[in-house]
Amino acid sequence: MSGNDRDLPPPITRRALMLGGLQLGVIGALGWRMRDLQIKQNEHFHFLAEENRINMRLLPPARGLIHDRHGRLLAGNRQNYRIVMVREQASDAELILDRLAKIIDLPPEDRDRVLREMQARSAFVPVVVQEHLTWEDVARVSANAPVLPGVIPEVGLSRFYPEGWNTAHVVGYVGPVSERDLEKLEDPDPLLQIPRFQIGKTGAEQRLETDLRGQAGNQQIEVSAAGRVMREIDRVEGTAGNDLVLTLDQGVQDFAMQRMQGESAAVSVIDVTNGDIIALASSPGFDPNSFVFGISSPEWNALLNDEYRPLSNKTVSGAYPPGSTFKMVVALAALEAGVANPGETVYCPGFSQLGRRRFHCWKRGGHGSVDLRNSLAHSCDVYYYEMARRVGADRISAMANRLGLGVRHDLPMPAVTEGLMPDRAWKKERRGESWTVGDSFNYGIGQGFTLASPLQLSVMTARIATGLSVTPRLVHTMGGVEQPVHPMEPLGISARSLNAVRDGMYTVSNVPGGTAYRSRIDVETMEMAGKTGTSQVRNITAAERAAGVTRNEQLPWNRRDHALFVAFAPYDRPKYAIAQVVEHGGGGSTAAAPVARDILLRALYGEMPPMEAYPAEQRSSIEERWIELGFMEPEPVEADPA
């Protein structure tokens with residue numbers, strides 16, 4: 001190579017050109033972006049300077065709605081104007097609250113509560129100052145925003161219950177999250193940290209809380225150094241909770257509550273073809289809206305001190321001695337064990353002698369010789385003392401369980417009782433004592449240790465009516481998805497035994513002399529089969545029995561017997577089963593059977609039943625009752641032409 005060649009610069013390759021072009025492109029893009037940020041978007045970023053902050057807030061979702069089977073609204077949402085306050089945006093919280101008190105009604109106790117909540121929570125968490133305000137209140141606060149840093153008007157949703165008293169126990173109600181609620185949860189939903197966020201407290205609202213609550217959204221807002229909201233930057237709406245459709249027929253539910261008006265009572269109505277609960281009514285009720293808005297101390301104390309226990313859901317939580325409504329269980333246990341047959345008679349002189357103790361029949365002079373059919377029709381106690389002695393506690397308990405008693409049914413409601421269907425092992429374990437024949441005698445008539453809820457008694461009746469394992473269902477659809485019906489399998493009870501018991505129940509309601517004959521349905525295609533029951537809540541001494549047992553109406557209310565009635569209808573093609581309890585109502589035939597008959601008719605007809613469904617001699621008095629309860633309008637009185 002010559003010297004001249006060594007002095008020449010190396011040739012530029014294609015690769016070098018490509019790398020150089022790429023570098024120039026990157027530098028150009030960076031320059032263009034810097035120009036865009038510094039010139040074009042200068043105003044935007046100036047607006048987001050140090051004196052402004054971006055806050056993120058959770059947006060509560062709309063709570064799922066609750067309807068009855070026909071689409072009638074049982075729990076809904078409505079707009080709720082409220083004022084919240086953020087401590088970190090308020091220069092002086094006490095001063096700001098004093099100013100706010102001159103604009104809206106802010107009692108001293110609410111002011112103190114707000115200050116306590118702000119100290120207990122993070123500085124950026126909004127605290128509710130006042131809820132359920134008018135639009136005029138919100139407008140005044142908004143107009144004074146410059147002197148109220150950290151005070152923010154909001155529009156949210158609040159729960160309301162259009163049916164009020166009639167569905168309070170089933171639907172339940174919501175209320176603000178408490179510290180106690182949070183302590184029960186290992187990993188609480190961030191939504192629950194929002195002050196005064198509402199969650200289910202009782203009923204389906206509580207048990208289906210997660211489904212009904214939904215998922216939170218979020219909102220990005222820009223707040224100035226003075227605490228004033230400048231603008232909304234971004235918003236992602238939450239996912240509403242699932243809508244819930246219950247199996248309830250609100251028309252029947254309303255009728256039941258009205259029909260039990262003035263009583264401490266409960267009723268359960270089940271569709272025996274699929275287990276759907278048509279009515280689950282506990283009287284008296286209460287207004288769930290009072291709890292949403294904040295119940296007053298006088299109203300709360302009145303509910304707590306009411307001897308009729310309006311806050312208790314007697315249909316699923318009430319556990320009562322089933323009395324004579326339990327006799328079908330004992331009869332089936334004896335028939336299936338082969339220790340009795342339907343045509344066999346037992347002599348009733350009015351008592352059974354057991355050693356030195358007498359176990360009395362309700363009829364002082366006795367019933368004479370009775371078979372299974374007549375023992376149910378006339379509710380002879382002595383017959384069932386004998387059946388219980390023969391079959392024993394263990395087989396009675398097993399039959400009761402097969403029929404749905406002594407079993408906690410899986411419903412989305414709190415405090416569903418298991419009841420009690422004891423056996424020999426239970427008494428040994430719980431009482432440390434052996435089972436006695438006297439215990440069996442009490443078991444035979446549904447007294448002693450035995451306890452059942454109205455729901456359980458309606459399940460028992462539905463299973464007797466069908467011979468199938470009818471299982472109660474309260475939720476029809478959740479989020480538009482139908483909930484499964486529990487398979488109804490044969491109970492394994494012979495048709496012969498079931499038919500014998502059903503025949504006895506038919507006689508109770510449809511043959512003169514039956515204990516519920518006065519409460520019969522006077523339409524052949526809708527005849528019901530039933531059983532009355534009366535359960536004692538006090539002991540009757542030998543001295544009182546000798547002098548004459550005091551009549552229920554002569555006793556204080558809380559010492560009177562409970563009245564019960566169970567039934568299914570129509571007899572030849574069962575559709576509904578019902579269980580009615582009237583606390584301290586006296587006799588089942590007089591206090592419970594007429595009420596249950598009326599509710600059953602309302603379910604069967606799907607509307608107010610015609611007067612032709614009632615015995616002719618009762619129609620005028622029933623018309624008067626319907627007018628009094630508001631079910632019927634009185635006939636207009638024609639003006640006298642004179």
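(A) Fine view of the overall build of the protein chain. The helix and strand inventory of the protein chain stands at 25 helices and 21 strands. When burial is assessed residue by residue, the protein chain has 50% of its 642 residues classed as buried. Per element, the accessible surface of the protein chain, about 31100 Å² overall, is 50% carbon and sulfur.

(B) A look at the environment of Asp189. For Asp189, the location among the structural elements is in the loop between helix 8 (179-183) and strand 7 (198-200). Taking the C-alpha atoms as reference, Asp189 lies 9.1 Å from Gln215; in sequence the two are 26 residues apart. Separated by 2.9 Å, the side chain of Asp189 and the backbone nitrogen of Leu191 make a polar contact.

(C) Local environment of the pattern of salt bridges. Counted by the stated rule, this structure contains 32 salt bridges. Among the ionic pairs, Arg82 bridges to Glu131, the shortest N-O distance being 4.0 Å. One end of the pair, Arg82, is in strand 3 (residues 73-85); the other, Glu131, is in strand 4 (residues 127-133), with 49 residues separating them in the sequence. Across the pair, Glu131 and Arg82 agree in class, each one buried. Arg625 serves as the salt-bridge partner of Asp598, at 3.9 Å between the closest nitrogen and oxygen. In this pair, Asp598 is assigned in helix 24 (residues 588-605) and Arg625 in helix 25 (residues 619-629), connecting sequence segments 27 residues apart. Residue class for Arg625 comes out partly exposed when judged on its relative accessible area of 29%. Salt bridges sharing partners connect three or more residues here, namely Arg63, Arg159, Asp189, Glu205, Glu209 and Arg213.

(D) Highlighting the sheet that holds strand 11 (residues 265-271). Taken in spatial order, the 5 strands line up as 12-11-21-20-19 in an open sheet, and their pairing is antiparallel. Each edge of the open sheet is held by one strand with a lone partner, namely strand 12 (277-283) and strand 19 (529-535). Taken over all neighbouring pairs, the strand axes of this sheet differ in orientation by 5 degrees on average, direction set aside. Summarising the sheet, strand 19 and strand 20 (residues 562-569) pair through 7 bridges and their orientation is antiparallel. Directly across from Thr532, in strand 20, lies its bridge partner Phe565. Against the sheet, helix 11 (residues 250-259) engages strand 11 and strand 12, with an angle of about 25 degrees to strand 12.

(E) Layout of unusual backbone geometry. Residue Pro284 is bonded to the preceding Ser283 through a cis peptide linkage, with omega at 0 degrees. Structurally, Pro284 is set in the loop between strand 12 and helix 12 (289-293). In the segment running from Ala569 into Pro570, the intervening peptide bond is cis, with an omega of -15 degrees. You can see Pro570 is positioned in the loop between strand 20 and strand 21 (576-582). A positive phi angle is found at Arg309, which is not glycine, with a value near 55 degrees. Along the polypeptide, Arg309 turns up in the loop between helix 13 (297-305) and helix 14 (314-317). By relative accessible area, which is 35% here, Arg309 ends up partly exposed.

Conventions and cut-offs
- Residues numbered from 1 in each chain as written.
- Predicted model: local features only at pLDDT ≥ 70, side-chain atom pairs only at ≥ 80, totals over all residues.
- Heavy atoms only, no water.
- Helix = DSSP H or I, 4+ residues; strand = E, 2+ residues; numbered from the N terminus.
- Buried < 20%, exposed > 50% of the residue type's maximum accessible area, 1.4 Å probe, protein only.
- Areas by Shrake-Rupley, 256 points an atom, 1.4 Å probe, with all protein chains shown as cover.
- Polar contact = N/O pair within 3.5 Å; in protein donor to acceptor, adjacent residues only side chain to side chain.
- Salt bridge = Lys/Arg side-chain N within 4 Å of Asp/Glu carboxyl O.
- Pairing = 2+ DSSP bridges.
- Axes fitted to C-alpha atoms, helices over the stretch in contact; angles between N-to-C directions.
- Contact = heavy atoms within 4.5 Å.

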